[in-house]
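Coordinates in review
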Amino acid sequence: MEKGGWVYLMANRYRGGMYVGVTADLIARVHQHRSGKGSDHVAQTGTTLLVYAESHEDIEAAIAREKLVKKWRREWKFALIEAENPEWNDLWEVWFDGDNARP
């Protein structure tokens, strides 16, 4: 059985710098980014806010979606985020408050 995957977007502020990523373990990966151990780009630009995440049943579908979203114009990425998270809230703070992980 294949493991599922996540496509996620990190930002440094409202409509600011963004990072598009893919992972099989969203909690671990976002924690890496937030602690400066994720990607060099995220560490250098301070894109530590989880502003969007979408689940996929298999990792191959998630990888294909991530590649597609990375090619999008900034405005399209903004629209994707704002359809689910219009205030650009940090979903890490919303979903992972203490022991209540909810993605």
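Quick summary incoming for the structure in this document. On a predicted model such as this, the values are computed, not experimentally measured, just so you know. Every chain is numbered independently, its residues counted from 1 as its sequence is written. In keeping with the model being predicted, local features are shown solely for residues with a pLDDT of at least 70 and side-chain atom pairs are shown and tallied solely at 80 or more, while totals for entire chains, interfaces and linings include all residues. Hydrogens and water molecules were not included; the side-chain quantities draw on all heavy atoms of the structure.

One side-chain nitrogen of Lys or Arg within 4 Å of one carboxyl oxygen of Asp or Glu is enough to make a salt bridge. Scanning the entire structure with this criterion turns up six salt bridges. Put simply, R15 and E82 hold a salt bridge, and the shortest N to O gap is 2.9 Å. Of this pair, R15 sits in the loop between strand 1 (5-11) and strand 2 (18-23) while E82 sits in helix 4 (residues 74-84), placing them 67 residues apart in sequence. R15 gets classed as partly exposed once you look at its relative accessible area, which sits at 35%. As a salt-bridge pair, R34 and D90 come within 2.7 Å of each other at their nearest N and O atoms. Of this pair, R34 sits in helix 1 (residues 26-34) while D90 sits in the loop between helix 4 and helix 5 (91-95), and the two are 56 residues apart along the sequence. Secondary structure is summarised from DSSP: a helix means a run of H or I of at least four residues, a strand means a run of E of at least two, and numbering begins at the N terminus for each. When accessible area is computed with a 1.4 Å probe and restricted to protein chains, residues below 20% of their type maximum are described as buried, those above 50% as exposed, and intermediate ones as partly exposed.

A separate point is the sheet that holds strand 2. Pairing within the open sheet is antiparallel, and its three strands lie in the order 2-1-3. Unpaired on one side and paired on the other, strand 2 and strand 3 (49-56) mark the two borders of the sheet. For this sheet, the mean inter-axis angle between neighbouring strands, taken without regard to orientation, is 15 degrees. As judged from the six bridges shared by strand 1 and strand 2, these two strands associate in the antiparallel manner. Considered in strand 2, the bridge of A11 is made with M18. The criterion used for residue contact is that any of the two residues' heavy atoms lie within 4.5 Å. Here an angle of 0 to 180 degrees is reported between the N-to-C directions of two axes, which are lines fitted to C-alpha atoms, with helices fitted over the stretch in contact. Contacts between helix 1 and the sheet are confined to strand 1, strand 2 and strand 3, with strand 1 contributing the most and set at about 25 degrees to the helix. Against the sheet, helix 3 (residues 59-71) makes contact with strand 1, strand 2 and strand 3, and its axis sits at roughly 165 degrees relative to strand 2, the strand it touches most. Any two strands with at least two DSSP bridges between them are considered paired.

Here the focus is helix 1. Regarding helix 1, the residues found buried are L26, R29, V30 and H33. The buried residues of helix 1 occupy an angular sector of 95 degrees when the element is viewed end-on, so they sit on one face. Buried residues along helix 1 sit against strand 1, strand 2, helix 2 (40-45), strand 3 and helix 5. In this description, the arc belongs to the directions extending from the helix axis to the C-beta atoms.

Turning next to unusual backbone geometry. Positive phi is not limited to glycine here, since R15 has a value of about 55 degrees. We note that W88 has phi near 55 degrees; this positive angle belongs to a residue other than glycine. With respect to the secondary-structure elements, W88 resides in the loop between helix 4 and helix 5.

Take the environment of R13 next. Tracing the backbone through its elements, the reader meets R13 in the loop between strand 1 and strand 2. By relative accessible area, R13 is classed as exposed at 53%. Spatially, the C-alpha atoms of R13 and V51 are 9.5 Å apart, while their sequence positions differ by 38 residues. When sequence neighbours within four positions are dropped, the list of residues in contact with R13 reads L49 and W88.

Let us look at the nonpolar core. We define the nonpolar core as a collection of buried residues of types Ala, Val, Leu, Ile, Met, Phe, Trp, Tyr and Cys that are connected through side-chain atoms lying within 4.5 Å of one another. Residues L9, M18, V51, L80, I81 and W88 are the most contacted members of the largest nonpolar core, which totals 14 residues. Put simply, the parts of the chain that give this core at least two residues each are strand 1, strand 2, strand 3, helix 3 and helix 4. Apart from the residues within four sequence positions on either side, L9 is in contact with M18, Y19, V20, L49, L50, V51, Y52, K77, L80 and I81. The next biggest cluster of nonpolar side chains, apart from the first, holds 13 residues, and it includes Y8, V30, V42 and L91.

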